[in-house]
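Observations on the three-dimensional arrangement
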Amino acid sequence: MALAVCTGCGIGDGIDMEHLMQVAGEEVDGIACMKHPALCSEEGIDHLLRLVRDAGADRLAIAACSPRVKSEQFRMDGVYVERINLREHVVWVMEPDDEDTQMCAEDHLRMGLANLGAISDIHPYIPEQVHSDILVVGGGLAGLTATLDGASAGYRVHLVEKSDSLGGYAGRLYKLMPALDGHGELREPDTSVLAEQVLAHPEVEVYLDSTIGSISGEPGNFLVQLENGKETSLTVGSVVVSTGWKPYDATRLGHMGYGLSPKIKTLEEFEKHSKREKIPDRVLFILCAGSRDEAHLPYCSSYCCSAALKQALYVRERNPEAQVYIIYRDIRTMGFQEEFYKMVQSDDAIFLTSGVVDSVSPDDARVRVTVKDSLLDEMISLETDMVVLATGMVPSSTEDLQLQYRLGKGLPEIEYSFSDSHFICFPYETRRTGIYAAGTVRAPMDLESSREDGAGAMMKAIQCIECVKRGEAVHPRAGDLTFPELYMDRCTDCKRCTEECPFGAYDEDEKGTPLSNPSRCRRCGICVGSCPERVIGFADFSINSVSAMIKSIHVPDEFEEKPRILVFVCENDAYPALDAAGVNRLKFSPYIRIIPVRCLGSVNKVWISDALSHGYDGILQIGCKPGDDYQCHFIHGSELTEQRGENLQETLETMMLEPERIRTRFVEITDYREIQKIINEYVEELELIGPNPFKSL
Amino acid sequence: MMDVKPDIGFKRELIRMSGSQLNQCMQCGNCSAVCSLAPAERPFPRKEMIWSGWGLKEKLIGNVDVWLCFQCGDCSSYCPRDVKPADVIAAVRQKTYMHYARPRFLGKLVSEPAWLPVAILIPVMVIASILSVAGTFKIPEGPVDYSGFFPHVWLNSTFTLITLLFYGVAFLGLVSFWKDMKRLVPSSGQETGAGSKIFPVLGEILSHSNFSACGSQRTRKIAHMMLFFGFGLLILVTLYAIWASHTGNYPLPFRNPFKIAGNVASLMIYSGLGIMVYQRLFNRSVFGKSSYTDWLLLTAIGLLTLSGTLVQLARFGNWSCAYHLYFFHLVAVWFVIMYLPFTKLGHIFYRTTALLYARSIGRK
């Protein structure tokens, strides 16, 4: 084992580095140490390499800056590097040349060294055989794009389509919107060209009239059974789901006249009508028909405004004498489509107003529509020959994937039955590793976005296969070579891990014994936190390694009035927020001891009791914001922590301790001022409560 | 409930006259927010913009709000979609003159370029016939004396009569305008007699207080005042001249106070016109598009004043072309004065009437 200490960036000015290295010597016998004024410089790295080589060390502690910076410089083949963050977490945020700051730095060093001593060597999980074929479910625009891109990248792609032809919704269109800048003419549909390219590609296998019988296995090794009259089974490495959408059921829009007359149509029906039949002199479009309405679809489908505007141009193009009336809630033409909106507006026979449709009453010859809250200043009544209802998108059910997972046949959904994907950070990722959602099945979107989605999801599917081949995790811990290892002898089949894993990594046998599928795992460690028997751990993140860190610090006795607060911070948002606080030189109490965790959900109860019995006065857990618009990178790690919190309070009660000794808080990555407040206020509160009575035991 | 039947012809007319891409209006209401004259309740010009976009002629013609706008251009300056509400409202006013013109063709006569020759030919023919009947339709000998060409009695009686005739039919138009205003924007109940509002409204007009609030074009107030008071002064001078021509002390000598006043008035008109033309030519982005009728009126006023000045110089200088200038001047007088109710100058009647109605129902 070796230790390199950097004195640059002010680290050496506030801390007695000689003493720090002395402490290292006391903790680890014969540890090779060095000190450098700029460790990340070329000269510093040279020294570092020499140190590691001379000592023959395979584990190296670097006491310097945050692990979030300089990670490339300090990466060393065959050497496990532990970064001890003295800069952002100690020197920059605490009083220099202060006894308490010095103690804090020394404890952080002890924790780092303890971790290095406790972790085991990393041997990645690489399945014996990793399949590189990719399955695409759904042959609409997103699916076709994904298929062609995947095949062009050299992967064999199996495209499964339940209908008898490719193209999906895009394939049924009369015309397309003008090119992105919004000027010019309506374009001829081009999906058939794409479909032909897909059919002609030698790396593509197309299965029409086929559905999925079952999908089992894990990334790199999914076994797929098709149902198409024949017994077809495929083995693929990853899956792209592009099963698309269907229009909202217009029969539920009776109040808008649907079903009363063939003169009242949906967007889809009018698309078909425009292809073949005569267009009357007056057509009225009702936008947001059953959308953004709690009684129907509460959301905006984002495509219907543009689609209706496009159809308004069909009317004007096919019948130049015709007038078009558009009743909208808000025109929501996404992105560059605003230009298209302006183009449509420049047609003086297209009349637009916002308003709420009050009644739609057809008779034999025409339809009368009344509108309230219109911009025209009063209730209005309009006579028209045809009404088109712009209905929204309902995603296809992902239950059709027939996943043989303990946690269900479909993809987990967030609101409105769209399959979950982390909209901001990882748009195509579902909660099922190796299965990527593309197009309207994951969010309402238009053709351009679907195309982009198909390409994006295919890239992810390819990336996943390549990661599995190297035994690496996919996002967000990309490159992580560890995986959960279970000591099954002590497992009690309690099912906690199989239920709490957000990604369905665990299946179960009949007895309820967990069956691990390591390639499905995202390495969040929630199972580590969930296991009451403490049988789950990663090579570098286990019950033992964190316990060792907790127990490594020196706790002053109660008469010294120097409390110790253990802070578990989630690596994803809370840790960066803490770093940002450091960069901004916000002052923190020197009594805190910080341990980063993979996810707040990975905190095991035993660590809490370890800390309390070791004499810490309080434990603060800081994670990412939970909730519907979750920021948690592992979906519900923070929520689980909250739930488990109740359990912890019971533990406190049995130990006769105050409930304040454990606290959980959530922050966003930008909340660096908030995190300062959370920590310092907690320290002040604990000082009032007084020392942990277990301290002197 | 309003039965909406879009009049696409009317909409296209407004687009043509205002040069506004009406449909691009997104009804943000910025125009009404920046307008310093819009009433708090149902302010203009936001609602007028969507009515225009839907071709709702019946809501716009005879709407009192259209006349509360003094076209300062603030709305157009601040419009995020550049749909020039000020110009659209101006176009609606132009359509109003045409709508209430009786007989109808008088409206067309002065608002469509194709009819311009006819509009000129009418006064030429009428004046020529009067002179023929009076028997003086030839250039007189000797020093310039206009009464020898057009005897004062003939001039004063015929021109007064014709003016009254034109203004009489215009009055009928104003009556239906008043009725339409009442129908479209009924009083909310606290109506005060229009009579009691005459003096406050005159005060508003004379003080130009409605121009003062404008942010975009400060010079407009000055220009309009020059023209307004110049014009007013000239009318006074003309009335005095008519009286003087009957009492014998005519033509007025150069140093006569009324003569001096008349020339000062001309100078005021020239200055006002100068500013207006300059703004239209070099400050288009703020001022907006000028229509045919706008230019026609400015030209007519310019020619009227210029020919008046020249006629006067020709008399003092005994120019040989004096009578030709005089004839031309009379045609110009006709063009500006007789056609007044049907041109943009018709705002003298319509706006005054509208202000009277607006103030009487408490709309401000």
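A quick note: this is a predicted structure, and the numbers were derived from the prediction, not measured. For every chain, the first residue of the written sequence is number 1, and numbering continues from 1 along that sequence. For this description, chains carry letters from A and ligands carry numbers from 1, given in the order in which they are written. It should be noted that, the model being predicted, local features are given only for residues of pLDDT at least 70 and side-chain atom pairs only at 80 or more, the latter also being counted only at that level, while totals for whole chains, interfaces and linings use all residues.

Some words on the overall build of chain B
We count a stretch as a helix when DSSP gives it H or I for four or more residues in a row; a strand needs E for two or more, and each element gets its number in order from the N terminus. Along its length, chain B carries 18 helices and one strand. For a compact globule the rule gives 2.2 Å times the number of residues to the power 0.38, and the radius of gyration it is set against comes from C-alpha atoms. Against the 2.2 N^0.38 benchmark of 21 Å for 364 residues, chain B shows a C-alpha radius of gyration of 22 Å, consistent with a compact globule. Within chain B, the fraction of its 364 residues that count as buried is 38%. Burial in this document is a count-based property: other C-beta atoms within 10 Å of a residue's C-beta are tallied, and the residue is buried at 20 or more, exposed at 12 or fewer, or partly exposed in between, with C-beta positions derived from the backbone.

Here we look at the nonpolar core
Residue and element names in this part refer to chain A. A set of buried residues drawn from Ala, Val, Leu, Ile, Met, Phe, Trp, Tyr and Cys, joined through C-beta atoms within 7 Å, is what defines a nonpolar core. Within the largest apolar cluster, 196 residues are counted, with the highest numbers of intra-cluster contacts made by Leu287, Ala308, Ile326 and Ala390. When neighbours within four sequence positions are excluded, Leu287 is seen to be in contact with Cys304, Cys305, Ala308, Ile326, Ile327, Tyr328, Arg329 and Ala390. Listed in part, the 103 residues of the second largest apolar core include Phe503, Tyr506, Cys570 and Ala577. Here, residue contact means that the backbone-derived C-beta atoms of the two residues sit within 7 Å.

Some words on the pairing of strand 10 (residues 231–236) of chain A
Residues and elements named next belong to chain A. Judged from the six bridges that link them, strand 9 (residues 221–227) and strand 10 form a sheet pairing that is antiparallel. Within strand 10, the residue paired with Phe222 across the bridge is Val236. Two strands pair under a simple rule: DSSP has to find at least two bridges between them. The hairpin formed by strand 9 and strand 10 contains three residues between the paired strands, and Gly229 there has a positive phi angle of roughly 85 degrees.

Some remarks on the packing of helix 5 (residues 99–118) of chain A against helix 14 (residues 543–552) of chain A
Residues and elements named next belong to chain A. As a packed pair, helix 5 and helix 14 sit with axes 8 Å apart at the nearest point and diverge in direction by 150 degrees. By the angle class used here, helix 5 and helix 14 are roughly antiparallel. Pair helix 5 / helix 14 crosses with right-handed handedness. Residue-level inspection shows Arg110, Met111, Ala114, Asn115, Gly117 and Ala118 of helix 5 in contact with helix 14, the latter providing Asn544, Ser545, Ala548, Met549 and Ser552. As a working rule, the residues Ala, Val, Leu, Ile, Met, Phe, Trp, Tyr, Cys and Pro are called nonpolar, Asp, Glu, Lys and Arg charged, and the rest polar, with Gly in that last group. Considering only residue class, the contact of helix 5 with helix 14 consists of five nonpolar, five polar and one charged. Note on geometry: axes are lines fitted to C-alpha atoms, helical ones only across the stretch in contact, with angles between N-to-C directions running from 0 to 180 degrees. Throughout this description, any angle smaller than 35 degrees is read as roughly parallel, any larger than 145 degrees as roughly antiparallel, any in the 65 to 115 degree range as roughly perpendicular, and the remainder as oblique. Each crossing is labelled by how the near helix is turned from the far one, with a counterclockwise turn of less than a right angle marking it left-handed and a clockwise turn marking it right-handed.

A few points about the interface of chain A and chain B
The partner chain B presents 18 residues to the 19 residues of chain A that form the contact. Listing elements by their share of the side of chain A that touches chain B, those giving two or more residues are helix 10 (337–345), strand 16 (350–354) and strand 19 (380–384) of chain A. The dominant element in the side of chain A that touches chain B, judged by the number of residues it contributes, is strand 16 of chain A, at four residues. As defined by bridge partners, strand 19 of chain A adjoins strand 1 (residues 2–4) of chain B across three bridges and the pair is classed as parallel. Residue pairing for strand 1 of chain B: Ser381 of chain A is matched across the bridge by Asp3 of chain B.

Some words on the domain arrangement of chain B
Residues and elements named next belong to chain B. The source of the domain bounds is an automatic or database domain assignment. Entries for chain B in the domain assignment read domain 1 (8–100) and domain 2 (105–360). Those elements giving two or more residues to the side of domain 1 that touches domain 2 turn out to be helix 1 (8–18), helix 5 (74–78) and helix 6 (85–100). Ranked by residue count, the leading element in the side of domain 1 that touches domain 2 is helix 6, at eight residues. Taken together, the residues of the side of domain 1 that touches domain 2 break down into 12 nonpolar, 10 polar and five charged.

Digging into the confidence of the model for chain B
Think of pLDDT as the predictor's per-residue confidence, scored from 0 to 100. Taken over all residues, the pLDDT of chain B has a mean of 90, while the share at 70 or more is 98%. At the low end of the mean pLDDT range in chain B sits helix 15 (residues 284–287) of chain B, at 66; at the high end sits helix 4 (residues 57–60) of chain B, at 95.

Observations regarding the domain arrangement of chain A
Residue and element names in this part refer to chain A. Segmentation of chain A into domains returns domain 1 (1–119), domain 2 (134–244 + 396–470), domain 3 (249–392), domain 4 (485–530) and domain 5 (555–697). On a C-alpha basis, the centroid separation for the pair domain 1 and domain 5 is 24 Å. Contact with domain 1, which involves 15 residues of that partner, is made by 16 residues of domain 5. Looking at the side of domain 1 that touches domain 5, the elements with two or more residues in it are helix 4 (86–91) and helix 5. Broken down by element, the side of domain 1 that touches domain 5 gets its largest block of residues, six residues, from helix 5. Split by residue class, the side of domain 1 that touches domain 5 holds five nonpolar, four polar and six charged.

Brief notes about helix 17 (residues 322–338) of chain B
Residue and element names in this part refer to chain B. The span expected for a helix works out to 1.5 Å for each residue beyond the first. In this model helix 17 runs 23 Å from its N-terminal to its C-terminal C-alpha over 17 residues, within 8% of the 24 Å that 1.5 Å per residue would give. Looking only at helix 17, the buried set comprises Ala322, Tyr323, Leu325, Phe327, His329, Leu330, Val331, Ala332, Trp334 and Phe335. Among the structural elements, helix 8 (116–134), helix 9 (146–149) and helix 16 (292–317) are those in contact with the buried residues of helix 17.

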